[in-house]
Amino acid sequence: MTLKRFLLVSTLSLLCSSLLNAGEVYLSELDMANCQQGWGQPGINVSVDGNKLTIGGEQYDKGLGTHSDSAILLQLDGKVKSFTAMVGVDSETGARGSVRFVIYGDNKKLYSSELLKGGQPATQVAVDLSGVRELMLLTTAGDNGIDYDHANWAQAKFVYDGAAPKTASQPVEEKYILTPPAPAEPRINSASIFGVRPGSPVLYTIAATGERPMTFSAKGLPKGVTVDEKTGQITGQTVRGSYKVTLIAKNKLGKATKELTLEVGDKIALTPPMGWNSWNCWGCAIDEAKIRDSAQWLVKSGLINHGWQYINIDDCWMKKLDTDDEVLGGTRRDEQGYILTNKNFPDMRKLTDYIHGLGLKTGIYISPGPSTCAGFEGSYKYEKQDAEIFAAWGFDYLKYDWCGYGSIVRNPDLVALKLPYIHMAHYLAQQPRDIVYSLCQYGMGEVWQWGGEVGGNCWRTTGDIVDTWGSMAGIGFDQAKCTPFARPGNWNDPDMLVVGKVGWGPNLHDSRLTPSEQYTHISLWSLLASPLLIGCDLSQLDEFTLNLLTNDEVIAVNQDSLGVQAGRKIQTEEGEVWVKPLADGSYAVGLFNRGYIASEIEADFAALGLKPGKYQVRDLWRQQELGNFKGSFKSQVPRHGVVLVKVTRK
Ligand code: GAL
């Protein structure tokens, strides 16, 4: 064969093969910068933990190691022929984790796996993609949250005729505001029940919206307790008893009243604590000025008028284990063992006085271990001094974070898990002020079963939240297991809010949750009667975030005096319906869409446990009556969104 002929033949055969034999590309060869997942980063040809991809003991060379809930979006030219993969949970989790693999093409579901559990063999996926232009590869958590959901798309490959598929960025959803502004007439929004111990200082600020100036009064306050006419701050101290108080707020347009039960007894935190915490915002990049400003912004933004009241300092206010000692040449405690602050917090008492002066409360953080998570001085062996100084400084809330205690007991049994918490509870109880006690140990030993017994007012039920759908939804929808254990004074805590500008350090970014996901976040946390701690920069609240945090009907669900946590009553592949009984005999009902496309979710009244009959349904985000319904209520719900309603028997 001549050279010319050889070239002609090989060009022709190349051309034919590209026409007849399509191209192939592995999923793991595509750009994964836009892949969203509940934890970690996607592993390219390795698991999310960086190990060789392994499903049911079988190893794979190629593939993507994700973590639920994950979403990969792809753009196709309509000429991609097929997608094939072996899917399952990576063997590195042992037998833990459960994941569903779901594929959508042009908003139609093309494939959904069984719920695949850790240890099970891989499932084969083969999907025809002819004509498809938009593809979504999803993994969703099973029935036990996202923990250990190491979800592998092994040997995942596209065969195509035209162009190779390309990954795309996540869909952008415009911010939408649902809640009308509060009326100019006075409206009292603070909780209808408040607990304080006999002799402890009372601080209850009447939260009220409406035009200023406004004057406040209260009837039926016990001896020793008074209300400030201008600020609405109720202060003083008194003796044991249950007092029925009428709160009154007046402005030039009218007058509002609200009944408050003041329970002077052994229980505090009778409704879930509401406020702000520094961690999700600035992490360790905090100082006194930032805390003071945050308190000011809680007032200036008007959040205080909706019941937001705690300003909580998280980790990093104390001295660091080595550096501060080296730099300052000093110690981390004084001669009596009282803890010293670092240079960013020159005067704690002055700071708490300032915060209290605004009608707010304030919290602090430490670990039972020798060090905190971020390596600062912990309480170990100084629990008594720490409880004393926190009270002397004037704190109202303590987050007690296990972290460094891991160096004291490595594999704690139940007794060891409880011990440090009982220890601190003992000293807190001796202080002359009420300190809400927040346990933070990420849910170990099913803390929801015994957090109250060791003195906790609330306890974290999970690891740390981040501002992704996978993390927020994975945590939030996993709380059904804790439902029976919440009650006034004892709350499950699925971690702080991730709306607004967050960052865990000096640089902040807008929450990566879409607007609908943020409505889901606030609705779910309200239904769960969870502590509500905003984790963003309050000086940078935009209109959307402020609106999201100031819907009084939604907040009232969280603060309801019955103190029952919502339970999940209906669960389909994409939809969930959660129900929270309320003190007035009605129910708050959340219709959630966990799926990636808008769909109709139905709340069947019998399945919710409601008696037969007619029910009035009110949309809580829009604050609008939707009419009377018999048998069921259904609604179109946006992707990852919610419709939150109040259902009242007629
Ligand atoms: C974690 C805790 C976070 C934050 C952090 C501070 O253990 O879960 O919420 O407090 O420590 O270092």
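Since we're looking at a predicted model, the values are computed, not measured.

1. A short note on the packing of helix α3 (residues 288-300) against helix α5 (residues 348-357)
The geometry of α3 relative to α5 is characterised by a closest axis approach of 10 Å and an angle of 10° between their N-to-C directions. One way to sum up the angle between α3 and α5 is to call them roughly parallel. Mapping the contact onto sequence places E288, I291, R292, A295 and Q296 in α3 and L351, Y354 and I355 in α5. Tallied by class, residues from the contact of α3 with α5 come to five nonpolar, one polar and two charged.

2. Some points on the state of the cysteines
Inspection of the entire model under this criterion finds two disulfides. Residue pairing for C284: its cysteine sulfur links by disulfide to C316, the two sulfurs lying 1.8 Å apart. Of this pair, C284 sits in the loop between α2 (279-282) and α3 while C316 sits in the loop between β25 (310-312) and α4 (323-328), and the two are 32 residues apart along the sequence. For C284, a relative accessible area of 34% puts it in the partly exposed group. Listing the disulfide partners of the protein by sequence rank of the bonded cysteines yields 1-2, 3-4. Considering cysteine sulfurs only, C281 is the nearest to C536, which forms no disulfide, with 6.6 Å between them.

3. Side note on the layout of surface pockets
Once rolled over the atoms, a probe with the size of a water molecule shows which space is left empty. Empty space within the largest pocket amounts to approximately 900 Å³. G38, W39, H67, I146 and D147 are, among the 33 residues lining the largest pocket, the residues nearest its centre. The greatest single-element share of the lining of the largest pocket, amounting to three residues, is contributed by helix α8 (residues 469-476). A class-by-class count of the residues in the lining of the largest pocket yields ten nonpolar, 17 polar and six charged. Two domains share the lining of the largest pocket, each providing at least three of its residues, namely domain 1 (23-168) and domain 3 (276-560).

4. So, the sheet that holds strand β38 (residues 614-619)
If you walk across this open sheet you meet the six strands as β34-β35-β36-β41-β38-β39, and the pairing is antiparallel. Unpaired on one side and paired on the other, β34 (567-571) and β39 (624-630) mark the two borders of the sheet. Each neighbouring strand pair of the sheet contributes to a mean axis angle of 25°, computed without reference to strand direction. The sheet contact formed by β38 and β39 spans six bridges and is antiparallel.

5. Describing empty space enclosed by the protein
In total, this model carries two cavities of 30 Å³ or more according to the counting rule given. Of the pockets and cavities examined, the largest cavity occupies roughly 60 Å³. Taken together, N277, Y397, K399, S438, L439, C440, R460, D493, D495, M496 and L533 form the lining of the largest cavity. Broken down by secondary-structure element, the contributors of at least two residues to the lining of the largest cavity are β27 (397-401) and β28 (436-440). At three residues, β28 tops the list of elements feeding residues into the lining of the largest cavity. Along the lines of polarity and charge, the residues of the lining of the largest cavity split into five nonpolar, two polar and four charged. Considering the residues around the second largest cavity, the lining is formed by eleven residues, among which G142, G145, F477, D478 and R594 are closest to the centre.

6. Here's the deal with the side chain of T139
Looking at where T139 falls in the secondary structure, it is placed in strand β12 (residues 134-141). The buried category is assigned to T139, whose relative accessible area is 0%. Reaching out from T139, the side chain makes a polar contact with the side chain of S70 at a distance of 2.7 Å. Those residues within four positions of T139 in sequence are excluded, and the remaining contacts are T66, H67, S68, D69, S70, V99, R100, F101, A151 and W153.

What counts and what doesn't
Residues numbered from 1 in each chain as written. Predicted model: local features only at pLDDT ≥ 70, side-chain atom pairs only at ≥ 80, totals over all residues. Heavy atoms only, no water. Axes fitted to C-alpha atoms, helices over the stretch in contact; angles between N-to-C directions. Helix = DSSP H or I, 4+ residues; strand = E, 2+ residues; numbered from the N terminus. Parallel < 35°, antiparallel > 145°, perpendicular 65-115°, else oblique. Contact = heavy atoms within 4.5 Å. Nonpolar A, V, L, I, M, F, W, Y, C, P; charged D, E, K, R; others polar. Disulfide = S-S within 2.5 Å. Buried < 20%, exposed > 50% of the residue type's maximum accessible area, 1.4 Å probe, protein only. 1 Å grid on protein atoms, 1.4 Å probe; cavity = no way out; pocket = protein on both sides within 12 Å on 5 of 7 lines; lining within 4 Å. Points joined across faces, edges and corners; volume = space filled by probe spheres on them. Domains from an automatic or database assignment. Pairing = 2+ DSSP bridges. Polar contact = N/O pair within 3.5 Å; in protein donor to acceptor, adjacent residues only side chain to side chain.

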